[in-house]
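The residues making up each chain are set out below.
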Amino acid sequence: MGASAARRPASFAARLGVGFAKLLGALAVALVVFAVGIYFQVRGALPPYSGKFQVQGLRAPVEILRDKNAVPHIIAGSIEDAIFGLGFVHAQDRFWQMEFMRRLGQGRLSEILPPALVGQGIVATDRTMRGLGLYRAAQDSVAALSPSARAILDSYAAGVNAWLADDDRRFGLELTLVHLLTAGRYEPEKWQPADSIVWQKLMALTLDGNWRAELLRSLELRKIGEDGVKFLIEPSGESRDATLSLVNEALQGLDLERLYRATDNIATRKREASNEWVLSGAHSVSGKPLLANDPHLGFGFPGLWYLARLVGPGFDIRGASAPGGPGIVLGHNASIGWGFTTTNLDSQDLFIERIDPTDPNRYLTPDGARPFGGRDETINVLWGQPVQMHIRSTRHGVVINDFMSRSDEIAAPGHVLALQATALDGADTSIEGFIRIGLAQNWDDFLTATRKIITPMQNIVYADTSGNIGLVAPGRVPIRRKGDGSLPSPGWAGDYDWASFVPFDELPRTFNPASGIIVNANARLVPDDYRHFISRDWAEPYRQRRANQLLREVERHPVYGMIAIQADNLSPDAAEILPVLLKVPPRNARAATVQDMMSRWNRFMLADRPEPLIYTAWLFELQRELLADELGDDLYSDMAAPNVPLLLRILRDRPQWCDDRSTTAVETCGDIIARSLDAALNGISDQQGNDIDTWRWGQAHDAAHRHPLFDGIPVLRDLASVRYPADGGAQTLNRATPAFRGPRPFEAIHGATYRAVYDFSDLDNSRFAIPLGQSGNMFSRWAHSFLTGWRNFGYVSIAGTPAELERSSVGTINLSPAH
């Protein structure tokens, strides 16, 4: 019986199982072979760092020496040829990043990334960018540049294109994948000057971002009424805008929630936060100025910045460049240095336009009805059908209702919303101003350069080798006839129109202040009596206060003292709110243990300690308890980041918000503080167990430098993205701001993306750092070469003569004009 059974043919299910196993085995082998092939293809795509190239568009020979850190020192006979060399090395190391950036600005990502794979959100992003017309404005702005600035942009584009034209060039895994997805049809288009300008406009769209905040406030208006909105946006209790009732009435019927969500993407989310300070020689060991700067932006792979040096007759510019952009954005030359923080200017206003009741193709203005402007857009979708759009415009700007797939579904009867924004200016000379800063030799040259800057408005600190320090905040600041742009304003009467712009000589500025210290960390820039409105969205004051405190504690600072301040992990906000929280008696033994621990905490946000985790989770849950009940869960999610000044004002001035309306009992603020602590501790226990002494901030708070394409793919995520336990928090000078959303709410996604200290007694002693590396190819040895140093506040120098550099160079490229 057994032998007979052994000889019996296998069942269909068994044969299917064997066949499936063989199929899986074959697929596994194929995947391995494919992966190995991709690996060697991408490894083979690493650009040569040595060689001789004859190229079009170059005036004279250029030598590119990459130092031991792969930082290019570009030696040329003119600034135009040096910028050509910068375009060439940017394309070598970061072209896929540049390609994705320009397509984001163009609204053309769907052409190369199929929504069927990456999600329909990519089409919504393209719709928003096409609707805004950002790339059209960039193209128009090319004509506004001076001939010399245009020559620099042309040289940069020629440098990029010289690399793209090389027969042996390869583009790494990202664009190899795009080539496969498009069945071999993808080839990169030539780089254009407008491609560089759109990078600057993308930064302006987010750094000066306000229009989506107006949408959010309009949604809040529906939930909590006029009094509640005034409380949230008017800390002083003063109301600059008495039109809330009119606004609320005009917005009735608009599907603001859908419009707000559909326009949420990487290019429209507000970004803020950076640190900068400059000391006169009276406060330095050397007797010459020191300037420190660390701009804070979103983390990612590859990083935003690329270190470089441009050397030639009359110029030696070193620092952080941005792939896609010509010149050094942050750094110093042989005479001056500069640094940026964002001002948070409100330069974006939504206007409620009233449609002519007798003709839907016209809208009302102070001078009578006018026809809408209009343009048609076609978004080509990989593996899908083209998307057609018709975008209307008014005298204020584009109609944002038309960004939606069915704009009629969100339109209120008789009204649409139009956006006016300096980022959409078609005569924008800002890129010329940023380029010319790097060529300035003194304060007057520097001011002349900054006059060209329209957007984004930045607080630009200055120092020079002559011992001068200063700050100017250039930009086109709207002067409104009425109101301050906090909410959408009626557009039909003209009462809220932009009347003009603040004259340059009335913009915030200081030169050689008596204190000898200038500090900004995005908090209020101007005193209360400053005559012009800039913003109500200043950052919390804690980082600015802390930097001022540390700078004034020491009479004279060395370079390493600047680095120590950039590395500071004390969270000053805890000194204000923690005593308030700890006044509430503990409700159980675990709470008593934790409150005792927190009362002894030194307020340093260290990755290997439990207290920062408890503190952050407690604030997170407290803000949820206070706001989610009033705003609703969906709306609250956009205000989930704890705001200590707001929390303290609610506890003091709005105790009724402590009551949970979902219960029959009336909760006090003490009840909510205790309940939020329990919720925080329960959440941590679920993730890290019940032993409080083993909890670690860094286990929940890893700095996430995500690859935009591959972070969601398990195998590639570990190769392409970078994560590590991080010190710091939302209010530390060493900033590492949590996401405050999603399954890992404390994962750090925003913080320093560049650190530098410039020493004006010896500029060769200046220090530079970026988080990851120079290369955007994940298999390159230079993709993560800075990571260990970054985590330990290690910096590099960008210095040396050609002879010195050649001794340790990792490669030399010689470019010569093609005959």
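Reading guide: rules and limits
- Residues numbered from 1 in each chain as written.
- Predicted model: local features only at pLDDT ≥ 70, side-chain atom pairs only at ≥ 80, totals over all residues.
- Heavy atoms only, no water.
- Helix = DSSP H or I, 4+ residues; strand = E, 2+ residues; numbered from the N terminus.
- Rg over C-alpha atoms; globule rule 2.2 N^0.38 Å.
- Buried < 20%, exposed > 50% of the residue type's maximum accessible area, 1.4 Å probe, protein only.
- Contact = heavy atoms within 4.5 Å.
- Areas by Shrake-Rupley, 256 points an atom, 1.4 Å probe, with all protein chains shown as cover.
- Axes fitted to C-alpha atoms, helices over the stretch in contact; angles between N-to-C directions.
- Parallel < 35°, antiparallel > 145°, perpendicular 65-115°, else oblique.
- Left-handed = near helix turned anticlockwise from the far one by under 90°.
- Nonpolar A, V, L, I, M, F, W, Y, C, P; charged D, E, K, R; others polar.
- Disulfide = S-S within 2.5 Å.
- Salt bridge = Lys/Arg side-chain N within 4 Å of Asp/Glu carboxyl O.
- pLDDT = per-residue confidence, 0-100.
- Lys, Arg positive; Asp, Glu negative; His and termini not counted.
- Polar contact = N/O pair within 3.5 Å; in protein donor to acceptor, adjacent residues only side chain to side chain.
- Expected span 1.5 Å × (residues − 1).
- Bend = angle between axes of the 7 residues up to and from the residue.
- Phe/Tyr/Trp six-rings, centres within 6.5 Å; stacked < 30°, edge-to-face > 60°.
- Pairing = 2+ DSSP bridges.

> Let's hear about the overall build of the protein chain: which residues, and what values?
Tallying secondary structure elements over the protein chain gives 26 helices and 30 strands in all. For 819 residues, the compact-globule estimate of 2.2 N^0.38 gives 28 Å, and the protein chain sits close to it at 28 Å. Based on the C-alpha atoms only, the size of the protein chain along its principal axes is roughly 105 × 80 × 70 Å. For the protein chain, with 819 residues in total, the buried portion stands at 60%. Within the protein chain, contacts between residues separated by at least 24 positions form 72% of all contacts whose residues are at least 6 apart in sequence. Element-wise, carbon and sulfur atoms account for 53% of the exposed surface of the protein chain, whose accessible area totals about 31800 Å².

> Run through the packing of helix 17 (residues 573-582) against helix 21 (residues 644-653), naming residues and quoting values.
Two elements in contact, helix 17 and helix 21, have axes whose closest approach is 10 Å; the angle formed by their N-to-C orientations is 30°. Judged by the inter-axis angle, helix 17 sits roughly parallel to helix 21. In this structure, helix 17 meets helix 21 at a crossing whose hand is left-handed. The segment helix 17 lies against helix 21, with D573, E576, I577 and V580 engaging V644, L647, L648 and L651. The residue inventory of the contact of helix 17 with helix 21, partitioned by class, reads 6 nonpolar, no polar and 2 charged.

> Outline the state of the cysteines, listing residues and values.
In the structure shown here, the tally under the stated rule is 1 disulfide. Linked covalently through their sulfurs, C658 and C669 form a disulfide whose S-S length is 2.0 Å. Given an S-S torsion of about 90°, the disulfide between C658 and C669 has right-handed geometry. Within this pair, whereas C658 is found in the loop between helix 21 and helix 22 (669-688), its partner C669 is found in helix 22, the two being separated by 11 residues in sequence.

> Can you tell me about the environment of Q388, naming the residues and giving the values?
One can find Q388 in strand 14 (residues 387-393). Its relative accessible area of 56% is what places Q388 among the exposed residues. It is 40 Å that separates the C-alpha atoms of Q388 and S274, two residues lying 114 residues apart in sequence.

> Give me the pattern of salt bridges: which residues, what numbers.
Following the criterion strictly, the structure yields 51 salt bridges and no others. A salt bridge links R108 to E111; its shortest N-O distance comes to 3.0 Å. Since its relative accessible area comes to 15%, R108 is described here as buried. One salt bridge connects R587 with D671, and the closest N-O pair in it is separated by 3.3 Å. One end of the pair, R587, is in the loop between helix 17 and helix 18 (589-599); the other, D671, is in helix 22, with 84 residues separating them in the sequence. Residue R587 is classed as partly exposed on the basis of its relative accessible area of 46%. Salt bridges sharing partners connect three or more residues here, namely E99, R102, R103, R108, E111, E189 and D195.

> Account for the confidence of the model for the protein chain, naming residues and giving values.
If pLDDT is low for a region, its predicted coordinates should not be looked at in detail. With 90% of its residues at a pLDDT of 70 or more, the protein chain has an overall mean of 90. Here residues 1-34 scores under 50 on pLDDT; set against residues more than four positions off or in separate chains, the count is 2 contacts. A low-confidence stretch, residues 407-411 (pLDDT under 50), is modelled with 14 contacts involving residues beyond four sequence positions or located in other chains.

> Any details on the side chain of D659? Residues and values, ideally.
With respect to the helices and strands, D659 occurs in the loop between helix 21 and helix 22. Despite being buried, D659 has no salt bridge partner; R661 is the closest side chain of opposite charge, sitting 6.9 Å away. Looking at D659, its side chain comes within polar contact range of the main-chain nitrogen of E667, at 3.1 Å. Other than its neighbours up to four places away in sequence, D659 contacts D629, A665, V666 and E667.

> If you had to explain helix 10 (residues 211-233) to someone new, which residues and values would you point to?
Taking 1.5 Å per residue, 23 residues should reach 33 Å; helix 10 reaches only 15 Å between its end C-alpha atoms and comes up short. Within helix 10, the axis deviates most sharply at I224, by approximately 120°.

> Can you tell me about the packing of aromatic side chains, naming the residues and giving the values?
For any pair of aromatic rings, the description rests on two quantities: the centre-to-centre distance and the angle between the ring planes. What the rule picks out here adds up to 17 aromatic pairs. Relative to Y462, the ring of W443 lies with its centre 5.1 Å away and its plane at 70°, an arrangement referred to as edge-to-face. On the criterion of sequence distance, the pair formed by W443 in helix 14 (residues 443-450) and Y462 in strand 17 (residues 458-464) is long-range, its members being 19 residues apart. Here W443 matches Y462 in class, with each residue buried.

> So what about the packing of helix 17 against helix 19 (residues 611-631)? Which residues, and what values?
Helices that pack against each other are described as a pair by the angle of their axes relative to one another and the distance between those axes. Viewed as axis vectors pointing N to C, helix 17 and helix 19 meet at an angle of 70°, and their least axial separation amounts to 12 Å. It follows that helix 17 is roughly perpendicular to helix 19 by the angle criterion. Remark: the crossing between helix 17 and helix 19 carries left-handed chirality. Taking contact as the criterion, the partners of D573, A574, I577, L578, L581 and L582 in helix 17 are, on helix 19, Y615, W618, L619 and L622.

> Which residues make up the sheet that holds strand 9 (residues 336-342), and what values go with them?
Here we have 11 strands laid out as an open sheet, ordered 1-30-2-3-6-7-8-9-17-18-22, and mixed in their pairing. If you trace the sheet from one side to the other, it starts and ends with strand 1 (51-55) and strand 22 (509-511), each paired once. Averaged over neighbouring strand pairs, the angle between their axes works out to 20° when direction is ignored. Where strand 2 (residues 62-66) and strand 3 (residues 72-75) come together, 4 bridges link them in antiparallel fashion.

> Tell me about unusual backbone geometry, and please be specific about residues and values.
In this structure, the amide linkage connecting F301 to the following residue, P302, adopts the cis form with an omega of -10°. Summarising the element assignment, P302 is placed in the loop between strand 5 (290-298) and strand 6 (306-312). For the bond from T455 to P456, the omega torsion is 0°, close enough to zero to count as cis. Assignment of secondary structure puts P456 in the loop between helix 14 and strand 17. Its identity is not glycine, yet N512 carries a phi of approximately 50°, on the positive side.

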